[in-house]
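# Structure at a glance
Each chain is listed here by its residues.
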Amino acid sequence: MAQDLLNALTLGSLYLLFALGMSLAWGTIGILNFAHGSIFVFAAFTAHLLVQEVALPMPAMLAVGAAVGAVLSLLVQVLAFEPIQRRATDHRKAEMQILVGGIGIAIIPLAVAQRLTGSVPFGYSAGTFRVSTWDLGFVRLSNVQLVTLVAALGLAAVIGWWLRAARPGLALRAIGVDAEVASMMGVDRRRLALLTMAVAGGLAGLAGVLLTYYLGSIAPETGDAFLLKAFAAIILGGVGSIAGVVIGAMVLAGIETLVLVTTSGTWAPAIAFGVIFLMLLVRPNGLLGRQEVRRT
Amino acid sequence: MNAWWVSHLVLVQSTFISLLLALSIQVPLRAGVFSFAGVGSYAIGAYTAAILTIRAQLAPVLAIGAGVVLAAVVGYLLALLVARLSGLYLGMATISFALFLGVLATNGGELTGGATGLFGAISTLTTTHVVAISVVVVLLLAASERGAYGRRVDAVREDPHLAVSLGIDVTRVRRRVFVVSGALGACAGGMNALLRTTVSPETVGFHLVVTALTMIIVGGALSWAGAAIGAVIFTWLPSVLQVVGDWQLVVYGVLVAAAAVWVPGGLLGLAQDGWRRLRASRRRVPPEGAAAPAAPVAADAEQQLAALGGPAAEVRS
Amino acid sequence: MTAVDGGAAGAAPVTGQAVLEGRDVAVHYGGIKAVDGVDLTLETGRILGILGPNGSGKSTLLAALTRLVPLTRGRLTLDGADYGRTPPSRLAHRGIARTFQTVRLLPDLTVLGNVQLGADLRLGRGARLRELVRRSVPPAVQEAIERTGVGDLLDLRPGELSYGTARKVEIARALAGRPRVLMLDEPTAGMNQPERLEVAGLLRRLRDEGLTQLLVEHDVSMMVDTCDRLLAMNQGRPIAEGAPREVVRDPAVQEAYLGKRGHRAGDR
């Protein structure tokens, strides 16, 4: 039981790391990045390529993943989303085109990874890091789980604090509430958008590397599943609310674990879809969502 | 020629099935409804046709027809459920609906064959039937894009408020679109299941959403012709791209991404723009009434009226 | 589908009869009272003008009368029958047409297509099917095009029109449905002076032919010249009503404008 809870928390933390960046970008600069899953996989994959050459320790791998994720995310923003926003005539069209553009762009890194791996799962067995487990009596905690939990909750706290207290964070929130007022206040929208996308990509990269360590190996297609689960977590908690994403990710992971443990598990993939569908019908602003958050 | 036909039969069939699937997304999009429910209907149609063919040995017309009717009803009910949603939220709700059906199929036990799916749905459906049905569908949709029918849908997409003020029942148009989308998706799914004699839960994944969407993005979302261009390109591209060998998926990705970002109207939009520009340059009408707009109102009335007339200077707000 | 009785050009209507009435109309958004207790009557063959500074609730009132926003309070009647619960899309079928404050032409349709859109609700199924085969322009559309003088531009797209011309196309679209009641939200905004006079003349001619109109405008001299009655609003409430010249001279009206615009007037 306690072990299941710990596993659920770990899974929730991985969802959280992934969803945090997506929610941040969506709730503030209004970009729902569907290439996020692809960035996540490609960052993990780049780390894999690197570790095949040099036996790197875990911190270095995490740094590589975060850096690759940030760079890819910036590239997507500059090459795709910025041109779309510049040319779109109205907000609604821009939003849809960003969704579609994201889905289109996501194909490229995924295709490269699939090509190089032959769609075979990849892992970090060539690195120096080895999974070890501590038996605490009531649960067995692995070092990967510990790092994941600390990273996810720590980063969520940092980002939550940053949005609340730091100047750029406040400016970013202002953009999320009213872009026009924000630009009148002298907020440099473009710079903040780039910063947000870099942070979001970095988080995705981190999540990708940690997931690979946790599962031992991942397949390039993992990104799609994570994308929809992250969306479910965000919708559950409420767009733009950091506390909401934390709760959403944990609740989703909790229900999934419960279903996996108590049934044969074939229904587990349906939970995210069910959550998205029901929440959108019943409470589209999420459990903790703000009313003023962008809606279409 | 005959040899070519035989060796490319599967591709020809796929082209028309892809076309119908793409249309099941394009029809809602044309009315401004961002719905992927057609992908879910594809699953409904495929499973219904396969089950009825295997268990009841129904004729393909009836097997596929039953799926079409079922999906149309489901589409209507779905439209009622998601009536309040639009844009992104509607898109995500319908994606979830479609993918949920995939999981449902996995858990359908004996009826749906679980994770392995169903085999042996052998029927008398031929390529000629598929082509004939597709042609009829395309003709009907082409008609719906012309005249008053077309204008109506344009108004609903571009400006729902305006459409209402012009006497168009926007809610009803949206519901119809869900029904048509459901029927088209189910028709594609049913025909595919019977041609391949098999269906499995893997048929309806996120990849099918991506496939259907990319065809429309590259082809153009505002007309059946766009969906047709997309269906042809993406069915035949792999055989053309054999030149680039293993990298064809990457090339495919670059194409889709470029189209999504730089050519929002798709190839069809590009062609139409070009055609219009060509015609405009031939015609060259002097721009009538192009005199500077919003000249301030002449203060021709009494003094106080002129003062009152002031606000006219800021009418453009 | 429904054959609606007489267009503007129909049998001579009795001038001065109440067609559309609003009683104690109120629209509140949360705590904001956009419109709060307005009474108005549209009479056959007359033009009622609504005057008021920006944000005084004119456009919201129009949205309420056309059922695009729900009423917080009040009663709306058309020919004496309550229409406060009629779906907004039915109103066009009952002869109410409107234009909007901003240009709202469909970018992908030609000028002709945009005007035809206004008449499509009068087409029966047969006419719609015939149009699939052969391009045809109903007489009402033809007439609307001639009256607004946009006949030379039929093949152009809205993006190729000047602002003032685009607004004329909008009026043509509203007329193409042969309405009994026409509501115009700042029809001459963005037009130059000759165009304004042209539109004002058109509205007066339509009135003389029996078309009931509601006109929201900023151009006070045009309002005085064109309307039979004026209703002045400020902050969602009616402040004066009556003959145009009197309403304009009303101290409350003067204050509503000059109080707000005082500094501007001083600049001149």
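Here the structure is a predicted model, which is why all the values come from computation and not from measurement.

### Some words on the pattern of salt bridges
Taken as a whole and assessed by the stated rule, the structure comprises 27 salt bridges over all chains. Put simply, Arg196 of chain C and Asp219 of chain C hold a salt bridge, and the shortest N to O gap is 3.0 Å. With Arg196 of chain C in helix α7 (residues 193-208) and Asp219 of chain C in the loop between β8 (212-216) and α8 (220-226), this residue pair connects regions lying 23 residues apart in the sequence. Each of the two residues, Arg196 of chain C as well as Asp219 of chain C, counts as buried. Asp225 of chain C is the partner of Arg245 of chain C in a salt bridge, and the nearest nitrogen-oxygen pair spans 4.0 Å. Of this pair, Arg245 of chain C sits in helix α9 (residues 244-249) while Asp225 of chain C sits in helix α8; the two residues are 20 residues apart in sequence, bridging distant segments of the chain. Among the residues examined, Arg245 of chain C registers a relative accessible area of 42% and is labelled partly exposed. The exposure class assigned to Asp225 of chain C is partly exposed, which follows from its relative accessible area of 47%. Overlapping salt bridges bring together Asp154, Arg157 and Glu158 of chain B together with Asp108 of chain C as one network.

### Notes on the domain arrangement of chain C
Residue and element names in this part refer to chain C. Along its sequence, chain C is organised into domain 1 (18-95 + 179-267) and domain 2 (107-177). On a C-alpha basis, the centres of domain 1 and domain 2 stand 26 Å from each other. Taken together, the contact between domain 1 and domain 2 spans 20 residues of the former and 13 residues of the latter. Both sides together, the interface formed by domain 1 and domain 2 hides about 1,400 Å², and carbon and sulfur atoms give 60% of it. Of all residues in domain 1, the largest losses of buried area upon contact with domain 2 belong to His93, Pro179 and Leu202, amounting jointly to 29% of the total for that side.

### Topic: the environment of Ala25 of chain A
Residue and element names in this part refer to chain A. Here Ala25 lies in helix α1 (residues 2-29). For Ala25, a relative accessible area of 2% gives the class buried. Here the alpha-carbon distance between Ala25 and Ala193, two residues 168 residues apart in the chain, equals 7.9 Å.

### What about the side chain of Asp159 of chain B?
Tracing the sequence through the fold places Asp159 of chain B in the loop between α8 (147-158) and α9 (160-165). With relative accessibility at 11%, the residue Asp159 of chain B sits in the buried group. Residue contacts for Asp159 of chain B: discarding those within four places in its chain leaves Arg104 and Leu106 of chain C.

### What about the sheet that holds strand β10 (residues 237-242) of chain C?
Sheet strands pair via backbone hydrogen bonds, and the direction of the pair is either parallel or antiparallel. Residues and elements named next belong to chain C. A sheet is described by the order of its strands in space; here six strands give the open sequence β6-β7-β8-β3-β9-β10, paired in mixed fashion. The open sheet terminates on both sides in strands that have one partner only, identified here as β6 (96-98) and β10. Going across the sheet, the axis of each strand differs from the next one's by a mean of 15°, ignoring polarity. Pairing of strand β3 (residues 47-51) with strand β9 (residues 229-234), which is carried by four bridges, proceeds in the parallel orientation. By the bridge assignment for β9, Leu48 is matched with Arg229. Set on the sheet, α7 makes contact with β3, β7 (181-185) and β8; between it and β8 the angle comes to about 155°.

### Description of the nonpolar core
If you look at the biggest cluster of nonpolar residues, it comprises 189 residues, and the most contacted ones within it are Trp26 of chain A together with Leu23 of chain B. Ile145, Ala174, Ala176 and Met223 of chain C belong to the second-largest nonpolar core, a separate cluster that totals 45 residues.

Rules and cut-offs
- Once a new chain begins, its residue numbering starts again from 1 and follows that chain's sequence as written.
- Here the convention is simple: chains get letters from A, ligands get numbers from 1, in the order in which they are written.
- In keeping with the predicted nature of the model, local features appear solely for residues at pLDDT of at least 70, side-chain atom pairs appear and are counted solely at 80 or more, and the whole-chain, interface and lining totals rest on all residues.
- Hydrogens are left out, water is left out, and the side-chain values use all remaining heavy atoms of the structure.
- A pairing counts as a salt bridge when a side-chain nitrogen of Lys or Arg comes within 4 Å of a carboxyl oxygen of Asp or Glu.
- In DSSP terms, a helix is any run of H or I states spanning at least four residues, a strand is any run of E spanning at least two, and both are numbered starting from the N terminus.
- Burial classification: accessible surface area is computed with a 1.4 Å probe over protein chains only, and a residue below 20% of its type maximum counts as buried, one above 50% as exposed, and the rest as partly exposed.
- Where each domain starts and ends follows an automatic or database-derived domain assignment.
- The contact definition used throughout considers only heavy atoms, calling two residues in contact when any of these lie within 4.5 Å.
- Put simply, buried area is the surface a 1.4 Å probe can reach on two separate parts but cannot reach once they are joined, added for both.
- When DSSP finds at least two bridges between two strands, those strands are taken to pair.
- Between N-to-C directions, angles span 0 to 180 degrees; the directions come from axes that are lines fitted to C-alpha atoms, helices contributing only their stretch in contact.
- Grouping buried Ala, Val, Leu, Ile, Met, Phe, Trp, Tyr and Cys residues that are joined through side-chain atoms within 4.5 Å yields what is termed a nonpolar core.

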